[in-house]
Amino acid sequence: MNTNSQGYHLQTDSHGLQKLVVQSDIVSGEVYLHGAHVSAWKPAGHHPVLWMSRESWFEDARPIRGGVPICFPWFGPHPTDSSQPAHGLARTRQWTLTNVRRCDDGAIEVWLQTSVDPFQLSYRVLFGADLILTLTTKLPPTAAAPQPFEDALHTYFHVAEIQQISISGLEGVRYVDRVPQVEEREAAGTVIRFGQETDRIYRNSVETAVLHDPGLNRKITVGKSGSRSTVVWNPWIDKSRRMPDFGDDEWTGMVCIETANVGSDAIMLQPGQSHTTQAMISVSHGSE
Ligand code: BG6
């Protein structure tokens, strides 16, 4: 099917999953209904910004590897039940596409929703010169009791070479180190550079993170609201080999900067309350 005059169309991919493909003068992108998974975003004049694994599964019961999985209502392993999937249920749910609109400036606005008992989720994806991801979680007024949740917009970025990039903005923030597991490390005081497996949860932090990529001569800025955690992850060599849906050599070309509320930053909702987590991603030429 060709892109219609509005700049978007639904397509069934070669694996049988449905995705919305958007295209305008200023942007191209894709979002799957499976997981409300944004799998591509490319503003005009830039290389693709999001990374996708060539080994990703595209199956109903499994998450897509790359792009922006939504982790919800827990992050990482389930706290008490190891039979539950990592990173929660939202990323393998079928979402409903409720609205699509082409804005005057050529941006395309997409709305999706689903529910993960007892929560109702709505997700707005604005594909434009910037990518704005807005996840709203509501606990219905009929809910029996307050409920906590964790969330993460688990964004995978394409980089030229992991050992040449840096991430600034989090120099003054303490973090949980998951390699090895250390509950709280002092703020590093320096930009993040990568020379080994890195899996960190920066806590109690509203800071904007900036990814500097001299190899692609670009800078990616990840601003946020409604988020007090930022997760930074690269699996490096051994963990890449252990992940069946991740190419052995692919760790060199990606990094995750995740806009999140996890661990001690988890959100507690009262019946009738809602919370919105938003990531605002922009890209510019020049890495400094
Ligand atoms: C990151 C976690 O957010 O996601 C890592 O910090 C984890 O520990 C990674 O390995 C990928 O998780 P998954 O479930 O998609 O393989």
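Residues numbered from 1 in each chain as written. Predicted model: local features only at pLDDT ≥ 70, side-chain atom pairs only at ≥ 80, totals over all residues. Heavy atoms only, no water.

Engineer: Looking at this structure, how should I read the nonpolar core?
Structural biologist: Within soluble globular proteins, side chains that are nonpolar generally end up buried alongside one another. Of all hydrophobic cores here, the largest spans 65 residues; its most connected members are Tyr-123, Phe-127, Leu-133 and Phe-157. At 5 residues, strand E8 (residues 119-127) tops the list of elements feeding residues into this core. Beyond its immediate chain neighbours, meaning those up to four positions away, Leu-133 contacts Val-38, Val-68, Tyr-123, Arg-124, Val-125, Leu-153, Thr-277, Gln-278, Ala-279 and Ile-281. Phe-75, Ala-152, Ile-201 and Ala-260 belong to the second-largest nonpolar core, a separate cluster that totals 8 residues. (Core = buried A, V, L, I, M, F, W, Y, C linked by side-chain atoms within 4.5 Å. Buried < 20%, exposed > 50% of the residue type's maximum accessible area, 1.4 Å probe, protein only. Helix = DSSP H or I, 4+ residues; strand = E, 2+ residues; numbered from the N terminus. Contact = heavy atoms within 4.5 Å.)

Engineer: Could you clarify how one ought to interpret the pattern of salt bridges in this entry?
Structural biologist: Taken as a whole and judged by the stated rule, the model has 14 salt bridges. Put simply, Lys-19 and Glu-30 hold a salt bridge, and the shortest N to O gap is 3.1 Å. Linking Lys-19 in strand E2 (residues 18-23) with Glu-30 in strand E3 (residues 27-32), this pair joins segments that are 11 residues apart in sequence. Accessibility classification places Lys-19 together with Glu-30 in one group, the buried group. Across the pair Arg-65 and Asp-245 runs a salt bridge whose closest N-O atoms are separated by 3.0 Å. Taken together, the positions of Arg-65 in the loop between strand E4 (38-43) and strand E5 (70-71) and Asp-245 in the loop between helix H1 (236-242) and strand E19 (254-261) put the pair 180 residues apart, joining distant regions of the chain. The class of Asp-245 is buried, set by a relative accessible area of 3%. (Salt bridge = Lys/Arg side-chain N within 4 Å of Asp/Glu carboxyl O.)

Engineer: Looking at this model, I keep getting lost on the sheet that holds strand E6 (residues 96-102). Mind explaining?
Structural biologist: The pairing of strands in a sheet comes from backbone hydrogen bonds and takes either a parallel or an antiparallel form. An order of E6-E7-E8-E9-E21-E17-E16-E12 is seen for the 8 strands of this open sheet, with the pairing classed as antiparallel. Unpaired on one side and paired on the other, E6 and strand E12 (166-168) mark the two borders of the sheet. Across the sheet, the mean angle separating the axes of adjacent strands is 15° when strand polarity is ignored. Summarising the sheet, E12 and strand E16 (residues 209-213) pair through 3 bridges and their orientation is antiparallel. In the sheet register, Ser-168 faces E16, and the bridge partner there is Val-210. (Pairing = 2+ DSSP bridges. Axes fitted to C-alpha atoms, helices over the stretch in contact; angles between N-to-C directions.)

Engineer: I would appreciate a short explanation of the side chain of His-37 in the present structure.
Structural biologist: Positionally, His-37 belongs in the loop between E3 and E4. For His-37, a relative accessible area of 1% puts it in the buried group. Separated by 3.5 Å, the side chain of His-37 and the backbone nitrogen of Val-68 make a polar contact. (Polar contact = N/O pair within 3.5 Å; in protein donor to acceptor, adjacent residues only side chain to side chain.)

Engineer: What exactly am I supposed to notice about the side chain of Glu-250 here?
Structural biologist: Take Glu-250: it is sitting in the loop between H1 and E19. On the accessibility criterion, Glu-250 (9% relative accessible area) is buried. At 2.9 Å, the side chain of Glu-250 and the backbone nitrogen of Arg-54 are in polar contact. With near-sequence residues (within four places) excluded, Glu-250 lies in contact with Trp-51, Met-52, Ser-53, Arg-54 and Glu-55.

Engineer: Before we go on, may I ask you to explain the packing of aromatic side chains in this structure?
Structural biologist: The geometry of an aromatic ring pair is captured by the separation of the ring centres together with the interplanar angle, meaning the angle of the planes. Taken as a whole and judged by the stated rule, the model has 10 aromatic pairs. Between the aromatic rings of Trp-51 and Phe-246, the centroid separation amounts to 5.2 Å while the plane-to-plane angle is 35°, which identifies the pairing as tilted. In this pair, Trp-51 sits in the loop between E4 and E5 while Phe-246 sits in the loop between H1 and E19, placing the two residues 195 residues apart along the sequence. Measuring from ring centre to ring centre gives 6.1 Å for Trp-95 and Tyr-123, while their planes differ by 55°; the resulting arrangement is tilted. Taken as a pair, Trp-95 in the loop between E5 and E6 and Tyr-123 in strand E8 lie far apart in primary sequence, 28 residues in all. (Phe/Tyr/Trp six-rings, centres within 6.5 Å; stacked < 30°, edge-to-face > 60°.)

Engineer: Any chance you could explain the sheet that holds E2 here in plain terms?
Structural biologist: Strands sit in the order E1-E2-E3-E4 across an open sheet of 4 strands; the sheet is antiparallel. In the strand order of this sheet, the two ends are held by strand E1 (8-12) and E4, each with one partner. Direction aside, neighbouring strands of the sheet carry axes that sit 15° apart on average. Note: E2 against E3, 5 bridges, orientation antiparallel. Paired with Leu-20 across the two strands is Val-31, which belongs to E3.

Engineer: Help me out: how do you make sense of the site of the ligand in this one?
Structural biologist: Around the ligand, the surrounding shell consists of Arg-65, Phe-75, Ala-86, His-87, Arg-91, His-154, Arg-178, Asp-199, Val-231, Trp-233, Lys-239 and Glu-258. Contact between the ligand and His-154: an oxygen atom at 2.8 Å from a side-chain N or O atom of the residue. Measuring from an oxygen atom of the ligand, one finds a side-chain N or O atom of Lys-239 at 2.7 Å. Out of a free accessible area of 390 Å², the ligand has 86% covered by protein chains. (Near = heavy atom within 4 Å. Areas by Shrake-Rupley, 256 points an atom, 1.4 Å probe, with all protein chains shown as cover.)

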